Amino acid sequence: MRRLAPPASISLLFVLSGCSGEQSILAPASSDAGGVATLWWGMAIFATAAFLLVIGLLAKGIFVSRRRGDARPLTRSQAWTLVVSGGIALPVVAILIMIVTSLTIGGDGPAGADGRKADLTVEVTGHQWWWEVRYLDDDGNPIATTANEIHLPVGREARLLLKSADVIHSFWVPNLQGKTDMVPGTTNATWLRPREAGTYRGQCAEFCGTQHTFMAFLVVAQPPAEFRDWLTGQAAPASAAQTETEARGLEAFLGGGCADCHTIRGTAADGTRGPDLTHLASRRTLGAATIPNTRGHLGGWILDPQHVKPGNHMPPSQLPPRDFQALLDYLGSLE
Ligand code: CUA
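So, here is what we can say about the structure in this document. (Residues numbered from 1 in each chain as written. Predicted model: local features only at pLDDT ≥ 70, side-chain atom pairs only at ≥ 80, totals over all residues. Heavy atoms only, no water.)

Observations regarding the overall build of the protein
For the record, the criterion: Secondary structure is summarised from DSSP: a helix means a run of H or I of at least four residues, a strand means a run of E of at least two, and numbering begins at the N terminus for each. Each residue gets one of three labels from its accessible area relative to the maximum for its type: buried under 20%, exposed over 50%, partly exposed in between, using a 1.4 Å probe on protein chains only. Here, residues are in contact when the closest pair of their heavy atoms is within 4.5 Å. To measure how exposed things are, a 1.4 Å probe is used in the Shrake-Rupley method; for residues, cover is taken only from the protein chains shown.
A tally of helices and strands in the protein yields nine helices and twelve strands. The buried share of the protein, taken over its 335 residues, is 38%. Long-range pairs, those at least 24 residues apart, make up 60% of the contacts in the protein between residues at least 6 apart in sequence. Approximately 18,500 Å² of the protein is accessible, and the part contributed by carbon and sulfur atoms is 62%.

What follows is the structure in structure tokens.
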């Protein structure tokens, strides 16, 4: 077999790498996303078939007929038939079929939500450049607040209320649902019903400033019992500092300016400009899924947030080394 030339093999690699994984419309993990994937395949197959047909006719005209010497111009009526059927009727029918199918699948949107009943309601607010996530009770009061990581029970209907605190963002979890814009001053809705447990990556899909590309999040779909345990944990206030170092860390947090922007429930820290850190250590990533949540990355982030995400609103820390290490101990204890 001939080996593919490098550019061809590289582009094939990119094409194929889009077919699986935690952020792909071609690896649907919900029936909503299944509809989108089916639509995608239908369009791709139809477009490929139309392309091959046109190229085939062209090749026949150029190579076959000419070589056989029987090339002859079409009669006027043959030409008209070809133009009307292949140039007008076929595209009109094909486009109508695709419009109807895509309107049926994505049309008035998941927000239309005919007959869907929410098992839980989650309010997600887009900020430059992170996601605030609040779980609401039946009366719309918050049960728990977290950031950049949305946990959901498998097989349950989650209604997501989508808002923005600044500019237009777009909420997109390719494996679970199509995109929904988050528009300042209004609340949109979308529905997520994962059918299998797993971690799916979401991404802001509307340009919203310099760090748009790094405005990501994770959706963790869990068995319902596991989800309930998680939510109970998130609803609780932060555990008190257990050691002297942790207590020193909390003091550094409160005195070092962190509390002006961040909340840690159960302490005096009640800032709201940045993510709620009450259970920071339970999260998998930092900086809206930009870096893994390890002590080293957390330290690097606090010392120089502009290095990781240039333009974000967090200033660098000025803490003396001992306070800084104590702060990392304390934040690491916030399970
Ligand atoms: Cu938020 Cu792009």
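So much for the structure itself; the text now carries on.
Quick look at the sheet that holds strand β2 (residues 130–136)
Note the following rule: Should DSSP find at least two bridges between two strands, the strands are taken to pair. For every element, the axis is a line fit to its C-alpha atoms; helices are fit only across the contacting stretch, and the angle between N-to-C directions ranges from 0 to 180 degrees.
Reading across from one edge, β3-β2-β1-β5-β8 is the order of the five strands in this open sheet, with mixed pairing throughout. Across the chains shown, the open sheet's two edge strands, defined by having one partner strand only, are β3 (142–147) and β8 (188–192). Taking the axes of each pair of neighbouring strands and ignoring which way they run, one obtains an average angle of 25° across the sheet. For β2 and β3, the ladder comprises five bridges, and the chain directions are antiparallel. For Y135, the partnering residue across the bridge sits in β3 and is A144. Along the sheet, helix α5 (residues 224–235) contacts β1 (120–127), β2 and β3; its crossing angle with β3, the most-contacted strand, is approximately 90°.

So, the side chain of S170
Short version of the rule: N or O atoms within 3.5 Å of each other form a polar contact, as long as, within protein, one can give a hydrogen and the other can take it, and as long as residues adjacent in sequence are counted only when both atoms are side-chain atoms.
The residue S170 is located in strand β6 (residues 169–171) in this model. Residue classification places S170 among the buried residues on the basis of a relative accessible area of 1%. Only 3.5 Å separates the side chain of S170 from the backbone oxygen of T180, close enough to count as a polar contact. Once residues lying within four places of it in the same chain are set aside, the contact partners of S170 are W131, K179, T180, D181, M182, Q203, C204, A205 and E206.

Thoughts on the packing of helix α6 (residues 244–255) against helix α9 (residues 321–332)
Quick note on the threshold: Reported orientations rely on four angle classes, namely roughly parallel under 35 degrees, roughly antiparallel over 145, roughly perpendicular from 65 to 115, and oblique for the rest. Three classes are used, and their members are as follows: Ala, Val, Leu, Ile, Met, Phe, Trp, Tyr, Cys and Pro are nonpolar, Asp, Glu, Lys and Arg are charged, and the others, Gly among them, are polar.
Axis separation between α6 and α9 bottoms out at 7 Å; the angle between their running directions is 105°. One element, α6, and the other, α9, form an angle in the roughly perpendicular class. Contacts between α6 and α9 involve T245, E246, R248, G249, L250, A252 and F253 from the first element and R322, D323, A326, L327, D329, Y330 and L331 from the second. Among the residues making up the contact of α6 with α9, the classes are represented as seven nonpolar, two polar and five charged.

With respect to the sheet that holds strand β10 (residues 216–222)
Strand order in this open sheet of three strands is β4-β10-β9, and the pairing throughout is mixed. A single partner strand is all that each edge strand has here, and the edge strands are β4 (149–153) and β9 (198–203). Ignoring strand direction, the axes of neighbouring strands in this sheet form an average angle of 25°. Of the pairings in the sheet, the one linking β9 to β10 comprises six bridges and is antiparallel in character. Each residue of the ladder has a partner; that of R201, found in β10, is L218. In the packing of α5 onto the sheet, contacts are made with β4 and β10, and the angle to β4 comes to roughly 135°.

With respect to the pattern of salt bridges
Note the cut-off: Salt-bridge detection follows one rule: a side-chain nitrogen of Lys or Arg within 4 Å of a carboxyl oxygen of Asp or Glu.
Following the criterion strictly, the structure yields nine salt bridges and no others. Residues K163 and E123 are paired through a salt bridge, measuring 3.2 Å at the closest nitrogen-oxygen approach. With K163 in strand β5 (residues 158–164) and E123 in strand β1, the pair connects residues that are 40 residues apart, well separated along the chain. Residue K163 is classed as partly exposed on the basis of its relative accessible area, which comes to 28%. In this structure, a network of salt bridges that share partners links the residues D32, R116, E157 and R193.

Points about the packing of aromatic side chains
Any aromatic ring pair is given by two values, namely how distant the centres are and how the planes are angled relative to each other. Spelled out, the test is: Geometry of aromatic contacts follows a simple scheme: Phe, Tyr and Trp rings, the Trp one being its six-membered ring, pair when their centres are within 6.5 Å, and the pair is stacked under 30 degrees between planes, edge-to-face over 60, tilted otherwise.
Scanning the entire structure with this criterion turns up seven aromatic pairs. On the basis of an interplanar angle of 80° and a centroid distance of 5.9 Å, the ring pair of W131 and F171 is categorised as edge-to-face. Of this pair, W131 sits in strand β2 while F171 sits in strand β6, and the two are 40 residues apart along the sequence. One exposure class covers both W131 and F171, and it is buried. For the pair Y135 and W230, a centre-to-centre distance of 5.3 Å together with 70° between the ring planes defines the contact as edge-to-face.

Considering the nonpolar core
The line we're drawing: Nine residue types can take part in a nonpolar core, namely buried Ala, Val, Leu, Ile, Met, Phe, Trp, Tyr and Cys, and a core is a set of them joined through side-chain atoms within 4.5 Å.
Grouped together as the largest cluster of nonpolar side chains are 33 residues, with contacts concentrated most on V124, W131, Y135, I150, L160 and F171. Counting only elements with at least two residues in this core, the list comes to β1, β2, β3, β4, β5, β10 and α5. Tallying contributions element by element places β2 first for this core, with four residues. When near neighbours in sequence (up to four residues on either side) are disregarded, L160 contacts V122, V124, I150, F171, N188, A189, T190 and L192. By size, the runner-up hydrophobic cluster in this structure holds 22 residues, among which are L286, W301, F324 and L334.

The quantities given are spatial measurements derived from coordinates; they are silent on function.
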